[in-house]
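Now for the letters of each chain:
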Amino acid sequence: MSLEVKNLTKDFKIRSGMKSSNFRAVNDVSFTLEPGKTIALVGESGSGKSTIARMIAKLENPSAGNIVVDGKDSNVHGRALRDYRHNVQMVFQDPFASLNPFHSIAHHIDRPLRLHGKASNAAEAQDQVIELLERVNLKPAGDIAKRRPHELSGGQRQRVAIARALAPGAKYLIADEPVSMLDVSIRLSVLNLLARLQREDNLGVLYITHDLATARHFSDEILVMYKGNIVERGPSDEVILNPQHEYTKLLLGAAPNPANHGKLRDSVRAELAAGLSEDRDQFGTRGL
Ligand code: ADP
Ligand code: MG
């Protein structure tokens, strides 16, 4: 069981005036994501991270290479594509754009439940919607379910997006900068939530970020991307403490204080021990 990314390449056609040329956004990227593990994909803006996520989520077709999920190739259509989506779900960066302003929160979660055959009637679906909202700490779930996206804070909306991703019973979660648009004060609570859900469901998580500190804390392995290529990879601590590639060193140098990379870790541990961080969003910053 694993999600295998094999020699993935993506070329975009660029047109300027009469000329058209190819731009290689992703070049020959391979990695294997196992259930229960987190891989962090780090790199500056434009390095190709989202293009990889979009190919895994089947929102974009690879120019070369393929993706194999639990032994099945992603190059499928119809019913098989639905099965693929069942297993691989995505959480996007922007919790405003990813939810439909005209639909209730319940509707957003009810739809994948029905589509993927998790609930056969309205009552069953309703119970599961409440259960999922409670799992992502959106309480009182009955009240939240009736609201529309604009009545929630950015953090709460991202929790809805996470609940929606879990609804089909996904085994692999692709989280593309899931907290970068959220208020700084609630980022950790959302990442801690993801970490708990991962443990509970033994999810394989691809955590896309440009934040090396959280990449280190939340991931088993780090892949460093630069201009479409993976330039460095390894166990998280190793990559952060003993970077080999010049670009990784540069990224570490750009972090606010390289000497403090271990600090977040300690502070997160302390928060986890206190059992506070996941709920902070409930009472903390509203709106964004
Ligand atoms: P990241 O997520 O790391 O910021 P992206 O994967 O979004 O990077 O983009 C990688 C590169 O591919 C960028 O230079 C971007 O401009 C380019 N790109 C992404 N999508 C398209 C597209 N649909 N057409 C042309 N170029 C694209
Ligand atoms: Mg991106």
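Thresholds, definitions, all that
- Residues numbered from 1 in each chain as written.
- Chains lettered and ligands numbered in written order.
- Predicted model: local features only at pLDDT ≥ 70, side-chain atom pairs only at ≥ 80, totals over all residues.
- Heavy atoms only, no water.
- Helix = DSSP H or I, 4+ residues; strand = E, 2+ residues; numbered from the N terminus.
- Buried < 20%, exposed > 50% of the residue type's maximum accessible area, 1.4 Å probe, protein only.
- Contact = heavy atoms within 4.5 Å.
- Areas by Shrake-Rupley, 256 points an atom, 1.4 Å probe, with all protein chains shown as cover.
- Core = buried A, V, L, I, M, F, W, Y, C linked by side-chain atoms within 4.5 Å.
- Domains from an automatic or database assignment.
- Salt bridge = Lys/Arg side-chain N within 4 Å of Asp/Glu carboxyl O.
- Pairing = 2+ DSSP bridges.
- Axes fitted to C-alpha atoms, helices over the stretch in contact; angles between N-to-C directions.
- Near = heavy atom within 4 Å.
- Polar contact = N/O pair within 3.5 Å; in protein donor to acceptor, adjacent residues only side chain to side chain.

Caption draft 1: Up close: the overall build of the chain. From N to C terminus, the chain includes twelve helices and ten strands. Burial statistics for the chain: of 288 residues in total, 49% are counted as buried. Nonlocal contacts in the chain, meaning residues at least 24 apart in sequence, comprise 68% of its contacts between residues at least 6 apart. Within the structure as shown, the chain displays about 13,800 Å² of accessible surface, and the carbon and sulfur contribution to it stands at 50%.

Caption draft 2: Here's a closer look at the nonpolar core. Ranked by internal contacts, the top residues of the largest apolar core, which has 49 residues, are Val42, Ile109, Leu133, Ile162 and Ile222. When residues of this core are assigned to domains, at least three map to each of domain 1 (3-8 + 22-236) and domain 2 (243-288). Apart from the residues lying within four places of it in its own chain, the contact partners of valine 42 are Lys49, Thr209, Leu212, Ala215, Ile222, Leu223, Val224, Met225 and Leu251. Of all hydrophobic cores here, the second largest spans 28 residues; its members include Leu41, Met55, Met90 and Leu223.

Caption draft 3: The arrangement of the pattern of salt bridges in detail. Enumeration according to the criterion identifies eleven salt bridges in this entry. A salt bridge links arginine 24 to aspartate 11, with the shortest nitrogen-to-oxygen separation between them at 2.8 Å. Taken together, the positions of arginine 24 in strand E2 (residues 19-33) and aspartate 11 in strand E1 (residues 3-16) put the pair 13 residues apart, joining distant regions of the chain. When the shortest N-O distance is used, the salt bridge between aspartate 110 and arginine 114 registers 3.5 Å. Of the two residues, aspartate 110 and arginine 114 are both situated in helix H3 (residues 105-115); the distance of four residues between them amounts to about one turn of the helix. When salt bridges with common partners are traced through the structure, they connect Arg135, Arg196, Glu200 and Asp201 into a single cluster.

Caption draft 4: Seen up close, the sheet that holds strand E10 (residues 229-235). Strand order in the open sheet formed by six strands is E6-E7-E8-E3-E9-E10, with mixed pairing between adjacent strands. Two strands bound the open sheet, and with one partner strand each, they are strand E6 (88-91) and E10. Shown here is a sheet whose adjacent strand axes are inclined to one another by a mean of 15°, direction ignored. For strand E3 (residues 38-42) and strand E8 (residues 204-209), the ladder comprises five bridges, and the chain directions are parallel. Looking at E8, one finds that valine 42 is bridged to threonine 209. Each of E6 and strand E7 (172-176) is contacted by helix H6 (residues 154-166), which is oriented at about 175° to E6, the strand it contacts most.

Caption draft 5: Layout of the site of ligand 1. Contacts to ligand 1 come from Phe12, Phe23, Ala25, Glu44, Ser45, Gly46, Ser47, Gly48, Lys49, Ser50 and Thr51. In the model, an oxygen atom of ligand 1 is placed 3.1 Å from a nitrogen or oxygen of the glycine 48 main chain. In this structure, an oxygen atom belonging to ligand 1 sits 2.5 Å away from a side-chain N or O atom of threonine 51. A total of 560 Å² of accessible area belongs to ligand 1 in isolation, and the protein chains cover 62% of it. Looking at the shell around ligand 1, the elements that each hand over two or more residues are E2 and helix H1 (49-56). Ranked by residue count, the leading element in the shell around ligand 1 is H1, at three residues.

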